[in-house]
Amino acid sequence: MTRITVIADDLSGAAETAEQFRLRGHSVRLELGVTSAADAVRVDDSGVVVVDTATRAGAAAAAHALLTSRPLADDALVVKKTDSLWRGHVGPELAALAGRGFAVVLAGALPSLGRTVVGGRPLVDGVALADTAHWHVEAGRAPATLAELIGLPVRLVGLDAVRAGPAALAEQLAAAASGGAVAVVDGETDDDLDRVVAAALAGADAGAAVENSGDGVADAALPPSGGATGPFLLNGRRLLLAGSAALAAAVAAAVDPATPIARVAESGVVVGDDPRAATGGDSAPIVLSRAREGAEVAPRPVVVVVGSAAEAAGRHVAALVAGGAALTVVDPDPDPDPDPSSDPSSDPDAGPSSDPGDRSAEAAVSRAAEAALRDGLAVLVLPADRALDPARAAAALADVAATVAVAAAADLVLTGGETARAVLDRLGTAWLVPLAQVEHGAVASRADDGRLVATKPGSFGADDVLVRLVDRLRTLRDADPCAADPQDADPQDADPQDADRGGPGRRPATTTPRPTPPTTTRAAPPPRTSRTETP
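Keep in mind that what you see is a predicted model, and the values were worked out from it rather than measured. (Residues numbered from 1 in each chain as written. Predicted model: local features only at pLDDT ≥ 70, side-chain atom pairs only at ≥ 80, totals over all residues. Heavy atoms only, no water.)

Colleague: Please set out the environment of S445 residue by residue, giving values where relevant.
Modeller: In this structure, S445 sits in strand β18 (residues 442-447). Taking C-alpha positions, S445 is 5.3 Å from V433, a pair spaced 12 residues apart along the chain. (Helix = DSSP H or I, 4+ residues; strand = E, 2+ residues; numbered from the N terminus.)

Colleague: Explain the packing of aromatic side chains to me, using residue names and the numbers behind them.
Modeller: One pass over the structure, following the stated rule, counts zero aromatic pairs. Between R29 and the ring centre of W431, over which it is positioned, the NZ or CZ distance is 4.3 Å. (Phe/Tyr/Trp six-rings, centres within 6.5 Å; stacked < 30°, edge-to-face > 60°. Lys NZ or Arg CZ within 6 Å of the ring centre and 35° of its normal.)

Colleague: Would you mind going over the pairing of strand β2 (residues 28-31) in detail, with residue names and values included?
Modeller: Here β2 shows a buried face lined by V28 and L30 and a second buried face lined by R29 and E31. Taken together, the four bridges between β2 and strand β3 (residues 48-52) define a ladder with parallel strand orientation. Paired with E31 across the strands is V51, a residue of β3. Pairing between β2 and strand β17 (residues 431-439): two bridges, direction antiparallel. Bridging from a neighbouring strand, L30 pairs with L432 of β17. (Buried < 20%, exposed > 50% of the residue type's maximum accessible area, 1.4 Å probe, protein only. Pairing = 2+ DSSP bridges.)

Colleague: How would you explain the side chain of K80 if you had to name every residue and give the values?
Modeller: By the secondary structure assignment, K80 is in strand β4 (residues 76-81). Among residues more than four places away in sequence, those in contact with K80 are I7, D9, L67, E93, L94, L97, L240, L241, A242 and G243. (Contact = heavy atoms within 4.5 Å.)

Colleague: Which residues make up the packing of helix α10 (residues 361-375) against helix α11 (residues 390-407), and what values go with them?
Modeller: Interhelical geometry of α10 versus α11 gives an angle of 40° and a closest axis separation of 9 Å. Of the possible angle classes, the one that applies to α10 and α11 is oblique. For the pair α10 and α11, the crossing hand works out as right-handed. Across the interface between the two elements, A361, A364, V365, A368 and A369 from α10 touch V400, T403 and V404 from α11. The residue makeup of the contact of α10 with α11, split by class, is seven nonpolar, one polar and no charged. (Axes fitted to C-alpha atoms, helices over the stretch in contact; angles between N-to-C directions. Parallel < 35°, antiparallel > 145°, perpendicular 65-115°, else oblique. Left-handed = near helix turned anticlockwise from the far one by under 90°. Nonpolar A, V, L, I, M, F, W, Y, C, P; charged D, E, K, R; others polar.)

Colleague: Explain the pairing of strand β19 (residues 452-456) to me, and be specific about the residues and the numbers.
Modeller: For a regular strand, side-chain orientation follows a simple rule: the groups alternate between the two sheet faces. Of all five residues that make up β19, five are buried, and the element is covered over most of its length. Across four bridges, strand β16 (residues 411-415) lies against β19 in parallel orientation. Looking across to β19, one finds that V413 is bridged to A454. Where β18 and β19 come together, four bridges link them in antiparallel fashion. Bridging from a neighbouring strand, S445 pairs with V453 of β19. Taken together, β18 and the strand that follows it, β19, pair antiparallel across an intervening segment of four residues, in which G450 is found at a positive phi of about 90°.

Colleague: Report on the environment of P143, specifying residues and quantitative values.
Modeller: Relative to the assigned elements, P143 resides in the loop between β8 (127-128) and α4 (146-150). Relative accessible area serves as the criterion here: at 3%, P143 is assigned to the buried category. Along the backbone, P143 and R121 are 22 residues apart, and their C-alpha atoms lie at a distance of 8.3 Å. With sequence-adjacent residues up to four places away left out, P143 is seen in contact with P122, L129, A130, W135, E148 and L149.

Here is the structure:
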């Protein structure tokens, strides 16, 4: 049995990664329990654990300290999820793990979105990342090379080496490990990433053989079977695979599930088509369970929270507005006399909104709750008229979103990793179990309190991705309006490690009482717009 621990630095990326394992049949849980270096997080005895450290927006020193001290099971295969646009503290986090004795193999391409690595240089649709606008809200300039970003000794492994065969590639990776360097591996396709994972696991397997027989890694075979156990060593150093969600997908495909999702059918949970057959687009969801016959449950409102400043996020919101959604502006620094023309909720196409000029937190809560209870859909956005401090903006959105989510007993669609994590922290959420995706990175999950939560990164997605996420949550909720009700969750009802059945786990830390869901008439989902992929 191979245990896998994935470390991600933001929530939307963690969910994106967790879904890659679910799609390929693994039992997976996304943990939100690590918020400081002193915290210890439960590691399941089987399956895959994805941990969101929530370090992307914080200080580099804090990210380094957390990954230096975080407990990691000795026999787990460890994967470090990195941002496909290389944001966050990639260098300090890899340095912390290398300092713990890990041999780092970094393959960060995300080919499905045109994000590749050639000659150790990060590219987006063939253009150097440093020459794009993707880092326009970041503090510094995008790196020209990954060696520059990492700040550690590196050994470049080019495309020719990647495609030379598993034994030759394994030898290159082992050579980097023996020299204490990070192996920076080129990649343009998903097949390239499959080759990297195969060679790394084969090299690790051969490394264990070297200790016993003295044989060389050049004779490495294919990867160990799904029944293999760690530790996975490269020349005596523990293997760490680092890269985007596409690398995680390659790992998920290479290692047989320790606890396949298909087994949850034995407990009465209905499972859709084999998730290993779906690799993108609308995936077959796991239906939570059969609804109780004759149950009368009020429709569940949905609150959409948009905390991303990426250009793509504006198009995602526009699709909701085109369907009649009302926007509520949440301003972390409200202007006592704002210009109404700068407020998206003053747009005549944005749907009804009360007193859009008042941007106080109390007014935002009132407007959002009114929309959620009246139309079944509330959309929270930030003001577009000025630059905002990301931390303050995320905190303001989280305060309003959590208040409305509790008051309306609403499910959530969250875009922007820092904002998503802030909202769930306000609600005391401990873990998520992925259920379905509507496209790469846009994932619907179930929280430990029974709430349905959809997450997506802000930097990419089809124009109608938020519309489709709202649709998907409603579909999941309609399939089982009873079993997933957060008011029904009780920590005594099930084993907290029973992730496949969505066991309730611990209660949210918040002491706010959960009101009875109101009886409302839910508006029809907004119409879908044309689907245009964006980088």
